[in-house]
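Each chain, letter by letter, is given below.
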Amino acid sequence: MRAAVLHEIGQDKLEVLDDVEAVGFGPGKVRIRVRATGLCHSDLSAMSGVLPQPAPFVPGHEGAGEILEVGEGVSHLKAGDRVVVCWLPACSVCPACKRGQTELCLAGFMNAGTPNFKRPAGDLFGFAGTGTFAEEVVVDVGCAVPIPDDVPFDIAALIGCGVTTGLGAALNTADVAAGSSVAVIGCGGVGISAIQGARLKGAAEIVAVDPVASRRESALKFGATKAVSPDELPDAKQQVTGGEGFDYVFEVVGKSATARTAYDHTRRGGTLVVVGAGAMDDFLQLNMFELFFDEKRILPSMYGGGDVLTSYERTIALWRAGRIDLEGLITHRVPLADINEALDQMRTGTALRTCIEI
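Note that the coordinates shown come from a computational prediction; the quantities given were computed from them, not determined experimentally.

Cut-offs and rules
- Residues numbered from 1 in each chain as written.
- Predicted model: local features only at pLDDT ≥ 70, side-chain atom pairs only at ≥ 80, totals over all residues.
- Heavy atoms only, no water.
- Core = buried A, V, L, I, M, F, W, Y, C linked by side-chain atoms within 4.5 Å.
- Buried < 20%, exposed > 50% of the residue type's maximum accessible area, 1.4 Å probe, protein only.
- Helix = DSSP H or I, 4+ residues; strand = E, 2+ residues; numbered from the N terminus.
- Domains from an automatic or database assignment.
- Contact = heavy atoms within 4.5 Å.
- UniProt positions renumbered as here; feature names shortened; annotations may be inferred.
- Buried area = accessible area lost by both parts, 1.4 Å probe.
- Salt bridge = Lys/Arg side-chain N within 4 Å of Asp/Glu carboxyl O.

Novice: Would you mind going over the nonpolar core with me for this structure?
Specialist: If you look at soluble globular proteins, the nonpolar side chains tend to sit buried side by side. Ile-32, Phe-133, Val-182, Ile-195, Phe-250 and Ile-356 are the most contacted members of the largest nonpolar core, which totals 96 residues. Looking at which element gives the most residues to this core, the answer is helix α4 (residues 153-159), with six residues. Taken domain by domain, the makeup of this core includes at least three residues from each of domain 1 (3-161 + 306-357) and domain 2 (166-300). Contact partners of Ile-32, with chain neighbours within four places excluded, come to Gly-65, Glu-66, Ile-67, Leu-68, Val-83, Val-85, Glu-135, Glu-136, Val-137, Val-139 and Ala-144. Among the nonpolar cores identified, the runner-up in size contains 12 residues, and Ala-183, Leu-233, Phe-246 and Ala-262 belong to it.

Spelled out as structure tokens, the structure:
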């Protein structure tokens, strides 16, 4: 089968090969024919080494498709069922799951250390234990979440990561208050989803911050009341909040510099939500006095900060009701053979989400 492969960490191009095989099928596993997958910035971060990932590997973790085969012990899925790939499944038995914090379950991360592809040259890993830039993938049954037949594969793929992460940051982690002021720094697919979440919660002012003009224009269509470049953010803070700072600021870039900017533009007693996935050697500096004196809440948001399955169901319900726009997030479509074109679209900021059709 075909799959896009990164041979070494640090390379900026993927090679589409046709001698890859999905492996590991057995009890408790399912084999999925991937139909659509989104390119998430985390894939680029894994390729560059910002996020830890063994290589060689098949990127991709935001995917959807149909079940080809189920292993022994799998009773609630069958061949032909439509599913979204969940890269962070809950085991239901660890301390985090028992506390109801299923987004902190480490079972899915354990999958990342086991090769789930191979080719004549040797084993391949799948990013985040999945690897959806491939025609087929074998995953634990918990990674295959059934979806209704009326949800298109491209929409389902977005729900698998970016939309769940951004919406959840606003709905679950921040629990944005109606009438509040919000700033979102970084307006790709995840940031736009955070904007939609803040709009759903009734935020009065939503300022989108991004260096790319086309993304700022898109943000206005998805619910932002104002869109500015990073250099214009201090003026927006003055105009919207009278200089006090925003009630909520979402950092959706994953860099200490933007997190510090987000902190500085959060009002005293306000909330900074850290959504972007950054590097382990990139440190955010805050002094102990400001932490105490300003009483700003700093809330990291992992995969939307809530139960993943509940979030999927909620997102589908909101989409069906026309309360959120998911189709509009897909600004580009490319076949798997042109995967490197999708990487360029992400790096330049020309795409909110590129759908790779497989």
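Here the narrative resumes.
Novice: It is not clear to me how the UniProt feature "domain: Enoyl reductase (ER)" (unreviewed entry) in the chain should be interpreted in this structure. Could you clarify?
Specialist: In the numbering used here, UniProt assigns the "domain: Enoyl reductase (ER)" (unreviewed entry) feature to residues 10-352. Helix and strand shares over residues 10-352 are 31% and 24% respectively, and the end C-alpha atoms of the span are 23 Å apart.

Novice: I would appreciate a short explanation of the domain arrangement of the chain in the present structure.
Specialist: When the parts come together, some accessible area is lost, and that loss is often what is quoted as the size of the interface. Partitioning the chain into domains gives domain 1 (3-161 + 306-357) and domain 2 (166-300). Look at where the C-alpha atoms of domain 1 and domain 2 centre, and you get two points 27 Å apart. At the interface, 19 residues of domain 1 touch 22 residues of domain 2. With both chains or domains summed, domain 1 and domain 2 bury close to 1,600 Å², and 58% of this area falls on carbon and sulfur atoms.

Novice: Looking at this structure, how should I read the environment of Val-252?
Specialist: Turning to its location among the elements, Val-252 is positioned in the loop between β15 (246-251) and α9 (256-264). Taking relative accessible area as the criterion, Val-252 reaches 15% and is therefore assigned buried. With 65 residues separating them in the primary sequence, Val-252 and Cys-187 have C-alpha atoms 7.4 Å apart. Leaving out residues up to four positions away in the same chain, Val-252 has contacts with Val-184, Ile-185, Gly-186, Val-190, Gly-191, Val-275 and Gly-276.

Novice: For this particular structure, what's the right way to read the pattern of salt bridges?
Specialist: Side-chain pairs of opposite charge can arise where the charged atoms are in close proximity. On inspection of all chains with the given rule, the structure shows 19 salt bridges. Residues Arg-2 and Glu-135 are paired through a salt bridge, measuring 3.1 Å at the closest nitrogen-oxygen approach. Here Glu-135 lies in the loop between β9 (122-126) and β10 (136-140) and Arg-2 lies in the segment before β1 (3-5), a separation of 133 residues in the sequence. Judged by relative accessible area, Arg-2 falls into the partly exposed class, the value being 28%.

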